[in-house]
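# Observations on chain architecture
So you can see what is in the structure, the chains are spelled out below.
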Amino acid sequence: MASSVVSELVLFIVSLLVAGMVAGGLYVVTQDISGGILTKGQDVAESLRTNFEIINDPENIPVSGSSYVFYIRNIGKDSFSFDPNSVVVMIDGSIIPPANLTFDPSGVLAPYEVGKIYVPTAFISSGYHKITVVIETGKRKSLVFEVG
Amino acid sequence: MGVSVPAAFAVLLIATLVSFGMLYVSSENAYSMVHQATEDYNQMVLKAKTSELELTGYNYSTQSNVTVYDITFNITNEGSTLSPAKWTYIYNGDLTTSKVLTSGREYLLPGEWMELTVQNLQKDQTVVNSLVISTEIGCGLKIKWKWVGNATNGSPQVISSAWYCPVEG
């Protein structure tokens with residue numbers, strides 16, 4: 001009789017331990033999934049709210065010193081990073097090395113703010129070209145322009 | 001055996017319910033964020049598609065004994081409400097704040113018009129001037145004009161104007 005009670009108790013404790021472990025695993029996996037859903041949702045929302053345009057006059061790209069100046073306007077609802085490490089600039093498909101680019105302001109571009117990207121004239125010959133700017137969210141904009 | 005199985009089942013049931021609850025809350029939050037952002041995005045796209053500025057007239061002021069003139073454009077809003085306070089002006093390719101004079105109004109409602117003056121332009125008939133009025137939605141109105149005549153007798157003439165939105169080329 002006593003051994004029956006002990007075995008019943010052992011079985012009870014073991015079953016609770018197993019159930020607890022399964023429940024713990026379920027909790028960890030669920031928390032991971034829910035965290036992933038939230039992060040993905042935030043990324044998608046940020047991507048949708050972020051937008052910009054290259055607003056230069058395509059026929060008159062200004063020159064400052066030895067660089068062409070491209071105007072970037074934030075037309076989205078959120079700010080985005082605006083520096084050589086988070087923005088990629090391509091001319092006719094070729095990436096301009098970040099070390100050759102200058103950003104003004106360098107840091108963050110707030111909604112409706114206009115920033116400037118200085119691209120050395122050595123990378124752009126006369127004629128028609130296409131500049132493509134890609135920001136950290138992956139959003140990209142292009143502008144076909146002409147330099148004399 | 002009598003209580004072990006129900007107890008384990010109860011623990012698993014509670015854990016499953018809690019897990020589903022967590023998943024539901026995070027999914028609901030993510031959906032709300034994406035839904036709100038989609039609404040904002042749709043608003044941006046809709047505003048870009050339904051906005052348009054048009055050059056409806058222009059005049060100028062000068063004196064025969066000076067070599068400069070001012071030109072005033074009448075800009076009419078042919079689309080959705082815009083905010084001139086958020087516009088930027090690009091004169092001959094350069095971003096400018098001093099060359100262009102505006103009334104400083106906050107909104108330009110559908111059908112309303114406003115004046116915009118470009119100051120101190122040279123009476124040089126070899127120069128084609130251009131002004132891009134870049135609106136808060138990224139689209140802009142580009143106007144090109146030149147001085148026709150000589151310094152004492154002449155007037156500016158608009159060559160072309162175009163409303164455009166930059167698109168991926």
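Residues numbered from 1 in each chain as written. Chains lettered and ligands numbered in written order. Predicted model: local features only at pLDDT ≥ 70, side-chain atom pairs only at ≥ 80, totals over all residues.

Turning next to the overall build of chain A. The helix and strand inventory of chain A stands at one helix and 11 strands. Taking 2.2 N^0.38 as the reference for a compact globule, 148 residues should give roughly 15 Å; the C-alpha atoms of chain A span a radius of gyration of 28 Å, well beyond that estimate. In terms of overall dimensions, chain A has a C-alpha envelope of 100 × 25 × 20 Å along the principal axes. Looking at chain A residue by residue over its 148 residues, the buried ones come to 26%. Taking contacts inside chain A between residues at least 6 apart in sequence as the whole, the part at least 24 apart equals 64%. (Helix = DSSP H or I, 4+ residues; strand = E, 2+ residues; numbered from the N terminus. Rg over C-alpha atoms; globule rule 2.2 N^0.38 Å. Buried ≥ 20, exposed ≤ 12 C-beta atoms within 10 Å, placed from the backbone. Contact = placed C-beta atoms within 7 Å.)

With that settled, consider the pairing of strand β3 (residues 88-91) of chain B. Residues and elements named next belong to chain B. Strand direction decides the pairing type here: β3 and strand β7 (residues 128-134), joined by four bridges, are antiparallel. Along β7, the bridge assignment pairs tyrosine 89 with isoleucine 133. When β3 meets strand β4 (residues 94-96), the two strands line up antiparallel, connected through three bridges. Looking across to β4, one finds that tyrosine 89 is bridged to threonine 96. Counted along the chain from β3 to the antiparallel partner β4, the turn is two residues long, and its residue asparagine 92 has a positive phi close to 45 degrees. (Pairing = 2+ DSSP bridges.)

What follows deals with the sheet that holds strand β1 (residues 53-62) of chain B. Residues and elements named next belong to chain B. Spatially, four strands are ordered β1-β2-β6-β5 in an open sheet, and the strand pairing comes out antiparallel. Of all strands in the sheet, those with a lone pairing partner are β1 and β5 (100-102), marking the two edges. Pairs of neighbouring strands in the sheet enclose a mean axial angle of 25 degrees, with direction left out of account. Across three bridges, the pairing between β5 and strand β6 (residues 113-122) is antiparallel. For valine 100, the partnering residue across the bridge sits in β6 and is valine 118. (Axes fitted to C-alpha atoms, helices over the stretch in contact; angles between N-to-C directions.)

So, about the interface of chain B and chain A. Taken together, the contact pairs 44 residues of chain B with 45 residues of chain A. Listing elements by their share of the side of chain B that touches chain A, those giving two or more residues are α1 (4-49), β3, β4, β7 and β8 (140-149) of chain B. Among the elements that take part in the side of chain B that touches chain A, α1(B) stands out by supplying 24 residues, more than any other. When its residues are assigned to classes, the side of chain B that touches chain A shows 22 nonpolar, 16 polar and six charged. (Nonpolar A, V, L, I, M, F, W, Y, C, P; charged D, E, K, R; others polar.)

What follows is about unusual backbone geometry. The omega torsion across Asp104(A) and Pro105(A) is 0 degrees, close enough to zero to call that bond cis. With respect to the element layout, Pro105(A) can be found in the loop between β7 (102-104) and β8 (107-109). Notably, Tyr112(A) is not glycine yet its phi reads approximately 75 degrees, a positive angle. Structurally, Tyr112(A) is set in the loop between β8 and β9 (114-120). Even without glycine at this site, Asn92(B) takes up a positive phi of about 45 degrees. With respect to the helices, strands and loops of the structure, Asn92(B) is situated in the loop between β3 and β4.

A few words now on the domain arrangement of chain A. We note that the domain assignment places domain 1 (1-49) and domain 2 (52-147) within chain A. Here domain 1 of chain A and domain 2 of chain A have C-alpha centroids that lie 49 Å from each other. (Domains from an automatic or database assignment.)

Next up on the list: the nonpolar core. Residues and elements named next belong to chain A. Ranked by size, the top nonpolar core spans 22 residues in total, and within it Phe70, Ile72, Phe82, Val89, Ile117 and Ile131 carry the most contacts. Looking at this core, the elements that each hand over two or more residues are β3 (67-74), β4 (80-82) and β11 (140-147). Residue contributions to this core peak at four residues, all from β3. For isoleucine 131, the residues in contact, after removing those within four places along its chain, are Ile54, Phe70, Val89, Ile91, Ser142, Leu143 and Phe145. (Core = buried A, V, L, I, M, F, W, Y, C linked by C-beta atoms within 7 Å.)

Attention shifts here to the sheet that holds strand β5 (residues 88-91) of chain A. Residues and elements named next belong to chain A. Read across the sheet, four strands follow the order β6-β5-β10-β11 without closing on themselves; strand pairing throughout is antiparallel. Of all the strands in the sheet, the pair left with one neighbour each is β6 (94-95) and β11. As paired elements, β5 and strand β10 (residues 127-134) share four bridges and run antiparallel to each other. Pairing of valine 89 across the sheet is with valine 133, part of β10.

Here the focus is the domain arrangement of chain B. Taken domain by domain, chain B consists of domain 1 (1-49) and domain 2 (51-164). Using C-alpha coordinates to define each centre, domain 1 of chain B is positioned 53 Å away from domain 2 of chain B.

Residue and element names in this part refer to chain B. The residue cysteine 165 is located in the segment after β9 (154-164) in this model. Residues cysteine 165 and cysteine 139 lie 26 residues apart in sequence; the distance between their C-alpha atoms is 4.1 Å. Once you skip the residues sitting within four places of it in the chain, cysteine 165 turns out to touch Ala48, Gly138 and Cys139.

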